[in-house]
Amino acid sequence: MALLRLRITGSEDDTRAITDLLQSIEGIEHVEETDDLMPHMDDDDSSSAGLSDDIGPGIHELEVEVGNALGAQRVRDAVQELALELDVFVEYEHDEG
C-alpha cells in the first residue's frame, strides 16, 4: 500500500474538485485532508503578526492511500491533468523508505 501526500496551492473549491476526482479513481483506499491539524505557531514579535492570511490562494494538504504503484501513477496523472485545467499547483511529498 502506498501513501501519497499532496500539497495543493489553490482555493477550497479547487481542493474539493481534486478530492472528488481522487475518490472516483479505482484503487484509492482513502483520501483525507490533513492540513490545519496542528495549531499555528505564529510569532507575536513577527513583522507579519496580526496581518490577514487570506490573501492569495490557500495551501491544502491531502493524504491518499493507494493500493499499489500503478494506482499511485494513475493518481499522479489524473491530478496533473486536473491541476492544469484548474490552474493550481500540486506538490508531492516524498518519503524515504
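As a reminder, the structure under discussion sits directly above these lines.
Cut-offs and rules
In this convention, every chain numbers its residues from 1, walking through the sequence in written order. The predicted origin of the model limits local features to residues at a pLDDT of at least 70 and limits the giving and counting of side-chain atom pairs to 80 or more, whereas totals for whole chains, interfaces and linings rest on all residues. For side-chain calculations, the full set of non-hydrogen atoms in the structure is used, while hydrogens and water are omitted. Where helices and strands are cited, they refer to DSSP runs of H or I of at least four residues and of E of at least two residues respectively, numbered from the N terminus. Only protein chains enter the calculation, and the probe is 1.4 Å; a residue is then buried if its accessible area is under 20% of its type maximum, exposed if over 50%, and partly exposed in between. Residue contacts are counted whenever heavy atoms from the two residues lie within 4.5 Å of one another. In short, Shrake-Rupley with a 1.4 Å probe defines the accessible areas, and a residue's cover is counted only from the protein chains shown. In this analysis, strands are considered paired if DSSP registers two or more bridges between them. The axes used here are C-alpha line fits, helices contributing only the stretch in contact, and every angle between their N-to-C directions lies in the interval 0 to 180 degrees. Put simply, buried Ala, Val, Leu, Ile, Met, Phe, Trp, Tyr and Cys residues joined by side-chain atoms within 4.5 Å make one nonpolar core. Salt bridges are counted wherever a side-chain nitrogen of Lys or Arg sits within 4 Å of a carboxyl oxygen of Asp or Glu.

(A) Structural detail: the overall build of the protein chain. Looking only at helices and strands, one finds two helices and four strands in the protein chain. Going from the N terminus to the C terminus, the protein chain shows its helices and strands as β-α-β-β-α-β. Counting across all 97 residues of the protein chain, residues that qualify as buried make up 27%. Restricting to contacts in the protein chain with at least 6 residues of sequence separation, those with at least 24 account for 87%. If you sum the accessible surface of the protein chain, you get close to 7000 Å²; carbon and sulfur atoms cover 47% of it.

(B) A look at the sheet that holds strand E4 (residues 89–93). Strand order in the open sheet formed by four strands is E2-E3-E1-E4, with antiparallel pairing between adjacent strands. In the strand order of this sheet, the two ends are held by strand E2 (28–33) and E4, each with one partner. Here the average twist between neighbouring strands, direction ignored, is 25°. Of the strand pairs in this sheet, E2 and strand E3 (residues 58–66) are connected by five bridges, and their pairing is antiparallel. Its bridge partner lying in E3, Glu-32 is registered against Glu-63. Seen against the sheet, helix H1 (residues 12–24) touches strand E1 (2–10), E2, E3 and E4 and runs at an angle of roughly 10° to E3. Of the strands in this sheet, E1, E2, E3 and E4 touch helix H2 (residues 69–86), which is tilted by about 160° from E4.

(C) Looking closely at the nonpolar core. Formed by 18 residues in total, the largest nonpolar core has its most connected members in Ile-18, Leu-22, Val-64, Val-75 and Val-90. Only E1, H1, E2, E3 and H2 provide two or more residues apiece to this core. For this core, the element with the most residues is H2, which contributes five residues. Beyond its immediate sequence surroundings of up to four residues, Val-90 is in contact with Leu-6, Arg-7, Ile-8, Ile-18, Val-79 and Ala-83.

(D) Structural detail: the pattern of salt bridges. This structure, assessed with the given rule, holds four salt bridges. Here Arg-7 ties to Glu-61 by a salt bridge, and the two come within 3.3 Å at their closest N and O atoms. Of this pair, Arg-7 sits in strand E1 while Glu-61 sits in strand E3, and the two are 54 residues apart along the sequence. The partner of Arg-16 in a salt bridge is Asp-13, with the nearest N and O atoms 3.4 Å apart. Of the two residues, Arg-16 and Asp-13 both sit in helix H1, three residues apart, roughly one turn of that helix. Connected through salt bridges with shared partners, the residues Arg-7, Glu-61 and Glu-91 form a single ionic network.

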